[in-house]
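Topology and contacts: notes
Single-letter residue listing:
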Amino acid sequence: MEILNSIFSYYDQLILKLPPYGQNLCSLFLLVFLLWQVYMVIKRGHWIFIALLIIMLPGTWPAAKHILFYAFAVIKFLFLRIAI
């Protein structure tokens, strides 16, 4: 979680110089880009290989939970930045 906090603080410092509407647009663009990438993984069928990997190798389940936790944290952070 410490790494995620440092990434978020770096992102805040990076867009601090932009006006508020520019910060919102930048966060909205990143959020749409991330969601588009998830859509492309689902559309191309690569999710099947990810699901098979998680099912076939039980050791990948904890890693998948951590990845999803961080992905949802990033999406939540971007939603909060857009709302501000």
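Values in this document were obtained by computation on a predicted structure and should not be read as measured data. (Residues numbered from 1 in each chain as written. Predicted model: local features only at pLDDT ≥ 70, side-chain atom pairs only at ≥ 80, totals over all residues. Heavy atoms only, no water.)

For the structure on display, the rule yields one salt bridge. Close ionic contact of Asp 12 with Arg 81 constitutes a salt bridge, the shortest N to O distance being 3.2 Å. Here the residue Asp 12 occupies a position in helix H1 (residues 2-15), and Arg 81 occupies one in helix H4 (residues 60-83), the gap between them amounting to 69 residues. By relative accessible area, Asp 12 is classed as partly exposed at 28%. Classification of Arg 81 as buried rests on a relative accessible area of 14%. (Salt bridge = Lys/Arg side-chain N within 4 Å of Asp/Glu carboxyl O. Helix = DSSP H or I, 4+ residues; strand = E, 2+ residues; numbered from the N terminus. Buried < 20%, exposed > 50% of the residue type's maximum accessible area, 1.4 Å probe, protein only.)

Between two aromatic rings, the relevant description is the distance of the centres plus the angle of the planes. For the coordinates displayed, the defined rule picks out five aromatic pairs. For the pair Tyr 11 and Phe 77, a centre-to-centre distance of 5.8 Å together with 75° between the ring planes defines the contact as edge-to-face. Of this pair, Tyr 11 sits in helix H1 while Phe 77 sits in helix H4; the two residues are 66 residues apart in sequence, bridging distant segments of the chain. We classify Phe 77 as buried; its relative accessible area is 13%. (Phe/Tyr/Trp six-rings, centres within 6.5 Å; stacked < 30°, edge-to-face > 60°.)

Residue placement: Ile 82 occurs in helix H4. Judged by relative accessible area, which is 23%, Ile 82 ranks as partly exposed. As for Ile 82 and Tyr 39, which are separated by 43 residues in sequence, their C-alpha atoms are 21 Å apart. Residue contacts for Ile 82: discarding those within four places in its chain leaves Asn 24, Ser 27, Leu 28 and Leu 31. (Contact = heavy atoms within 4.5 Å.)

Size it by volume and the largest pocket reaches roughly 650 Å³. Along its surface, the largest pocket is lined by 18 residues, and Val 38, Ile 50, Ile 67, Leu 68 and Ala 71 are the ones closest to its centre. Taken together, the elements giving at least two residues each to the lining of the largest pocket come down to helix H2 (20-44), helix H3 (46-56) and H4. A total of eight residues in the lining of the largest pocket trace back to one element, the largest contributor, which is H4. (1 Å grid on protein atoms, 1.4 Å probe; cavity = no way out; pocket = protein on both sides within 12 Å on 5 of 7 lines; lining within 4 Å. Points joined across faces, edges and corners; volume = space filled by probe spheres on them.)

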